[in-house]
Amino acid sequence: MGLRAAAHSSSSSIDSSNHPDPDLDGLLPKPSGSSSSSSLSHKINGGSNSRNSRRSTHTRTDLSTDLRLGLSISPSHHSDLSSTTSSPREEALVSWPPIKSILRSTLSGKSENYHHQNSSLFVKVYMEGIPIGRKLNLFAHDGYDALITTLSLMFKTTILCPDNNHVHSEKYYVLTYEDQEGDWMLVGDVPWEIFLTTVKRLKITRADRC
Amino acid sequence: MNYFPDEVIEHIFDFVTKQRDRNAVSLVCKSWCRIERFSRERVVIGNCYAISAERVIARFPGLKSLTLKGKPHFADFNLVPQGWGGSVDPWIEALAESRVGLEELRLKRMVVSDECLDLLSRSFLNFKSLVLVSCEGFTTDGLAAIAANCRFLRELDLQENEIDDHRGHWLSCFPDSCTSLVSLNFACLKGEINLAALVRLVARSPNLKVLRVNRAVPPDTLQKVLMQAPQLVDLGTGSYVLDPDSESYSKLKATILKCKSIKSLSGFLEVAPRSLPAFYPICLTLTSLNLSYAPGVHGSDLIKLIRQCGRLQRLWILDCIGDKGLAVVASTCKELQELRVFPSDPFGVGHAAVTEEGLVAISAGCPKLHSLLYFCQQMTNAALITVAKNCPNFIRFRLCILDPTKPDPVTMQPLDEGFGAIVQACKKLRRLSMSGLLTDQVFLYIGMYAEQLEMLSIAFAGDSDKGMLYVLNGCKKMRKLEIRDSPFGDGALLKDVGKYETMRSLWMSSCEVTLGGCKTLAMNMPGLNVEIINENDQMEFIIDDEQKVEKMYVYRTLVGPREDKPEFVWTL
């Protein structure tokens, strides 16, 4: 006897809209009525850090994860991933905004603003106290780490990473940028991909100014 | 206990179709459990690692339709590395060895191999329907096996899969004797197909109702196909590039006039917008329109098209429609129930594609709206409060502001009040995802008001453990909680570990949870798999319990730690 026909929505989706039911309620043991009430002793991470530095920590951790994601993917899987010239690594880096890879690769083929391997984004970089600036191709870097490394070499100075505690001293420098709205912001708070869309130019300033 | 013979009870159970209800029925008494399990035909397994194939088969020997979901949802956004798992092979192997007469298999976010597609095609004589959503790991060779061997195939539905296209002749593998097709969707395939074979296949499939072709199918072939299948209800075009002054265009236009049943339209993977008017006659009866893969259609052409679609219930579009376009949708599509607005330019410098204005217009014009996915440049509390007032019937509300920590641009406040209004007004809300600047306050509101909430997605939100605790304590129906880049740590994770057995899964990545915290959770809850994904470090070097874990995935299971973990996944 055939499967009793159920009404088939033409798009036949398998998301929770069609199957809102919990899995196998009848199979699972009844959950214990009382929760584990004694608070389990452990070191709790205090929530007292300022949000900005915490956010930048998360951002950087996630970015470094994403970088390794790109490195660990075999080329054969990605041979059809997109019809654009973007590298598998660039594809793998992106987890924001949250859209499916297949949609992303469809759109990136059409978007004029999407940075292919061939294109570049040169921005001016100034260091405090030095009147002559440099220019740097942001698209040639795959994250904040790479950017800071390059700038440190370019200007022969130590630039603090965004997730270290700020050392307010004359000896160290931090990296700031001017965004599309004309505001000067500390580099590192937002995901790299978003940073690329809002940065207009960079400035290396003394840490005690921030 | 039974006042009726088993056959009568079984007949009554026939009317109990929802899995949740059937589960309840099976808990009443032993004999009802027995009758129910022998008569159950459809099973949905929301997490393939929660149970084993053998146990499912043992309990439901009459199984005909199986739905399986594999990877966690955030895998859609590249947060789960390749090789994580979710292979369907062990399930197919177990089913093939059993006496189950499988007729339908529906998979989401699973890894499927050509070998198991081949095994599937040869093991079940009555196999009718294969639906693969966001799956990967197979090639067109696997599709060829399905086409060639499943003699009574009715449905082959491939939605947004990553398929290695060997440009073979899989479509030609449908034998001439195959005339049973009702639904064929291969829009996600990237390679060429045999166009003549497609036309012949459609010609011998009188029951064909759904056809979604891929980019390789040009307008000429589309016209031939439509001539053979004027009964189509759901059409996905391929490449739609043709000159409106050409004869091909006139021919196609005339053919479309004969297709009076089309209710759902999608595709336009490449498009010449000036040729869209050929589809205007269909627009009058359309209930579903998906142009999310059609970045070639710009705002003004989109608007002209949508003005024709007065009966639309579902609309998926790109944000190039703009706020003005959404106002047109609001005034035209009074029956709208589901709206998805995707970002057309995920990396672009934001020229405000859509903002809160578009959403407010939609909420005012479309009172039946219950499902929303909205990618926008900005959102205000005032707008969300208005939307909540206009549309208290939301079941799914997913808002994604492209800059994830952006506050209300007018007041510079967090969006707590706005989302608070949504959860307070929408008493039927089952799924929520939020973005923008959000503090612990929004979670307080969610815990207080979102009584029906089953799935919550959090990114870059909250200030402290309190936020997560509000949700865990308040949302009694929570099933899937996924959190990224938020400052929730061990304190929140471990406060009520029993809670996770009432849920399907918890995902936390780039949060403050430590290895020690995860170990504690695993130790106290043997009914959960606590999996850590850590690609950076070798196992030997992680001895420090203070170390934060990159990614943690916790899920309830009846079968203990899984055997197919890659080296970067540890079960604690």
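- As annotated in an unreviewed UniProt entry, chain B is Putative F-box domain, leucine-rich repeat domain, L domain-containing protein from Rosa chinensis.
- Looking at chain B in UniProt, the text filed under Subcellular location (unreviewed entry) is "Nucleus".

- In the nomenclature of an unreviewed UniProt entry, chain A is known as Auxin-responsive protein of Rosa chinensis.
- Regarding chain A, the relevant UniProt record gives this comment under Sequence similarities (unreviewed entry): "Belongs to the Aux/IAA family."

## Quick notes on the overall build of chain A
Part 1: Broken down by element type, chain A carries 5 helices and 5 strands.
Part 2: Along the chain direction, N to C, the helices and strands of chain A fall in the order α-α-α-β-β-α-β-β-α-β.
Part 3: A total of 210 residues make up chain A; the buried ones form 47% of that total.
Part 4: Taking contacts inside chain A between residues at least 6 apart in sequence as the whole, the part at least 24 apart equals 54%.

## So, the overall build of chain B
Part 1: When helices and strands are counted, chain B shows 20 helices and 25 strands.
Part 2: A compact globule built from 572 residues would reach a C-alpha radius of gyration of about 25 Å, and chain B, at 25 Å, matches this within 12%.
Part 3: By residue count, 64% of the 572 residues in chain B fall in the buried class.
Part 4: For chain B, long-range pairs separated by at least 24 residues make up 71% of all intrachain contacts whose partners lie at least 6 apart in sequence.
Part 5: For chain B, the accessible area works out to roughly 20700 Å², and carbon and sulfur atoms hold 54% of it.

## Observations regarding the sheet that holds strand β5 (residues 199-206) of chain A
All names here are of chain A.
Part 1: Taken together, 5 strands build an open sheet; the order of strands is β2-β1-β5-β3-β4 and the sheet is mixed. Across the chains shown, the open sheet's two edge strands, defined by having one partner strand only, are β2 (130-137) and β4 (184-186). When strand polarity is set aside, the average angle formed by the axes of neighbouring strands in this sheet is 30 degrees.
Part 2: The sheet contact formed by strand β3 (residues 173-179) and β5 spans 7 bridges and is antiparallel. When the sheet's bridge partners are listed, Y177 is paired in β5 with L202.
Part 3: Packing against the sheet, helix α4 (residues 144-155) makes contact with β1 (122-127), β2, β3 and β5, and its axis sits at approximately 140 degrees to β2.

## Some remarks on the packing of helix α2 (residues 19-26) of chain B against helix α3 (residues 30-39) of chain B
Residue and element names in this part refer to chain B.
Part 1: The interhelical angle for the contact between α2 and α3, taken along N-to-C directions, is 145 degrees, at an axis separation of 8 Å. Counted together, R22, V25 and S26 of α2 and W32, C33, E36 and S39 of α3 form the full contact between these two elements.
Part 2: Counted by class, the contact of α2 with α3 contains 3 nonpolar, 2 polar and 2 charged residues.

## Re the pairing of β5(A)
Part 1: Two elements, β1(A) and β5(A), share 4 bridges in a ladder whose sense is parallel. What sits directly across from A:V125, in β5(A), is A:L202.

## Overview of the packing of aromatic side chains
In this description, an aromatic ring pair is defined by two values, namely the gap between the centres and the angle between the planes.
Residues and elements named next belong to chain B.
Part 1: Counted under the stated rule, the structure contains 20 aromatic pairs over all chains.
Part 2: With centroids separated by 5.2 Å and ring planes inclined at 70 degrees, the aromatic side chains of Y240 and F279 adopt a geometry described as edge-to-face. Here the residue Y240 occupies a position in strand β11 (residues 239-240), and F279 occupies one in the loop between β13 (270-271) and α11 (280-283), the gap between them amounting to 39 residues.
Part 3: In this structure F279 comes out as buried when scored by relative accessible area, which is 0%.
Part 4: Aromatic rings pair up to connect Y49, F74, F77, W84, W507, Y553 and Y555 into one cluster.
Part 5: Between the NZ or CZ atom of R37 and the centre of the ring of F38, over which it lies, the distance is 4.5 Å.
Part 6: Here the basic side chain of R562 rests over the ring of W84, its NZ or CZ set 4.2 Å away from the ring centre.

## Some details on the domain arrangement of chain B
Residues and elements named next belong to chain B.
Part 1: Domain boundaries assigned for chain B yield domain 1 (1-40) and domain 2 (42-208).
Part 2: Just the C-alpha atoms count here: the centres of domain 1 and domain 2 sit 30 Å apart.
Part 3: Taken together, the 7 residues of domain 1 in the interface contact 9 residues of domain 2.
Part 4: Taken together, the two surfaces of domain 1 and domain 2 that pack against each other cover about 670 Å², and 43% of this comes from carbon and sulfur.

## Quick word on the packing of helix α6 (residues 114-123) of chain B against helix α7 (residues 140-149) of chain B
Residues and elements named next belong to chain B.
Part 1: Across the interface, α6 lies against α7 with an axial gap of 8 Å and an inter-helix angle of 5 degrees. With respect to α7, the element α6 is oriented roughly parallel. In this structure, α6 uses D114, L117, D118, L120, S121 and R122 to contact α7, whose residues at the interface are D141, G142, L143, A145, I146 and N149.
Part 2: Of the residues assigned to the contact of α6 with α7, the class counts are 5 nonpolar, 3 polar and 4 charged.

## Things to note about the pairing of strand β21 (residues 480-484) of chain B
Residue and element names in this part refer to chain B.
Part 1: Burial analysis of β21 places 5 of its 5 residues in the buried class, which makes it a mostly covered element.
Part 2: Alternating residues of β21 divide into K480, E482 and R484 and L481 and I483, and every residue in both groups is buried.
Part 3: Pairing geometry for strand β20 (residues 455-459) and β21, over 5 bridges, is parallel. By the bridge assignment, I458 is partnered in β21 with I483.
Part 4: After leaving β20, the chain enters helix α18 (residues 465-474) and then returns to the sheet as β21, a path that is right-handed.

## Quick notes on the pattern of salt bridges
All names here are of chain B.
Part 1: Scanning all chains against the criterion turns up 25 salt bridges over all chains.
Part 2: Notably, a salt bridge pairs E136 with K71, separated by 2.5 Å at the nearest N-O pair. You can see E136 sitting in strand β5 (residues 136-139) and its partner K71 sitting in the loop between β2 (65-69) and α5 (89-97), a full 65 residues away along the chain. In terms of burial, E136 and K71 fall into one category: buried.
Part 3: Notably, a salt bridge pairs D76 with R109, separated by 3.2 Å at the nearest N-O pair. Taken together, the residues span a long stretch of sequence, with D76 in the loop between β2 and α5 and R109 in the loop between β3 (104-108) and α6 at a distance of 33 residues.
Part 4: Each member of the salt-bridge network shares a partner with another, and the members are R20, E454 and R479.

## Comments concerning the nonpolar core
Part 1: The biggest cluster of nonpolar side chains holds 222 residues, and the ones touching the most others in it are A:F195, A:L202, B:F397, B:I446 and B:M552.
Part 2: Sequence-distant contacts of B:I446, that is, excluding residues within four places in its chain, are made with B:V423, B:L432, B:M434, B:L453, B:L456, B:V471 and B:C475.

## Some points on the side chain of A:T106
Part 1: Mapped onto the elements, A:T106 comes out in helix α3 (residues 101-110).
Part 2: The exposure class of A:T106 is buried, given its relative accessible area of 12%.

## Looking at the UniProt feature "domain: F-box" (unreviewed entry) in chain B
Part 1: Look at the UniProt record and you will see "domain: F-box" (unreviewed entry) annotated at residues 4-45 of chain B.
Part 2: Across residues 4-45 of chain B one finds 62% helix and 10% strand; the C-alpha atoms that close the span lie 31 Å apart.

## Let's talk about helix α10 (residues 247-258) of chain B
All names here are of chain B.
Part 1: Its 12 residues place the ends of α10 17 Å apart at the C-alpha level, agreeing with the 16 Å of an ideal helix rising 1.5 Å per residue.
Part 2: Along α10, the residues classified as buried are Y249, L252, T255 and I256. Down the axis of α10, the sector holding all buried residues measures 130 degrees, keeping them to one side. In α10, the exposed residues that point more than 90 degrees away from the buried face are E247 and K258.
Part 3: Contact partners of the buried residues in α10: α9 (219-228), β11 and α11.
Part 4: Sitting at the head of α10, S246 places a side-chain oxygen 3.3 Å from the backbone nitrogen of Y249.

Each value, and the rule that gives it
- Residues numbered from 1 in each chain as written.
- Chains lettered and ligands numbered in written order.
- Predicted model: local features only at pLDDT ≥ 70, side-chain atom pairs only at ≥ 80, totals over all residues.
- Heavy atoms only, no water.
- UniProt positions renumbered as here; feature names shortened; annotations may be inferred.
- Helix = DSSP H or I, 4+ residues; strand = E, 2+ residues; numbered from the N terminus.
- Buried < 20%, exposed > 50% of the residue type's maximum accessible area, 1.4 Å probe, protein only.
- Contact = heavy atoms within 4.5 Å.
- Rg over C-alpha atoms; globule rule 2.2 N^0.38 Å.
- Areas by Shrake-Rupley, 256 points an atom, 1.4 Å probe, with all protein chains shown as cover.
- Pairing = 2+ DSSP bridges.
- Axes fitted to C-alpha atoms, helices over the stretch in contact; angles between N-to-C directions.
- Nonpolar A, V, L, I, M, F, W, Y, C, P; charged D, E, K, R; others polar.
- Phe/Tyr/Trp six-rings, centres within 6.5 Å; stacked < 30°, edge-to-face > 60°.
- Lys NZ or Arg CZ within 6 Å of the ring centre and 35° of its normal.
- Domains from an automatic or database assignment.
- Buried area = accessible area lost by both parts, 1.4 Å probe.
- Parallel < 35°, antiparallel > 145°, perpendicular 65-115°, else oblique.
- Right-handed = clockwise from strand over helix to strand, strands pointing away.
- Salt bridge = Lys/Arg side-chain N within 4 Å of Asp/Glu carboxyl O.
- Core = buried A, V, L, I, M, F, W, Y, C linked by side-chain atoms within 4.5 Å.
- Expected span 1.5 Å × (residues − 1).
- Arc of directions from axis to C-beta.
- Polar contact = N/O pair within 3.5 Å; in protein donor to acceptor, adjacent residues only side chain to side chain.

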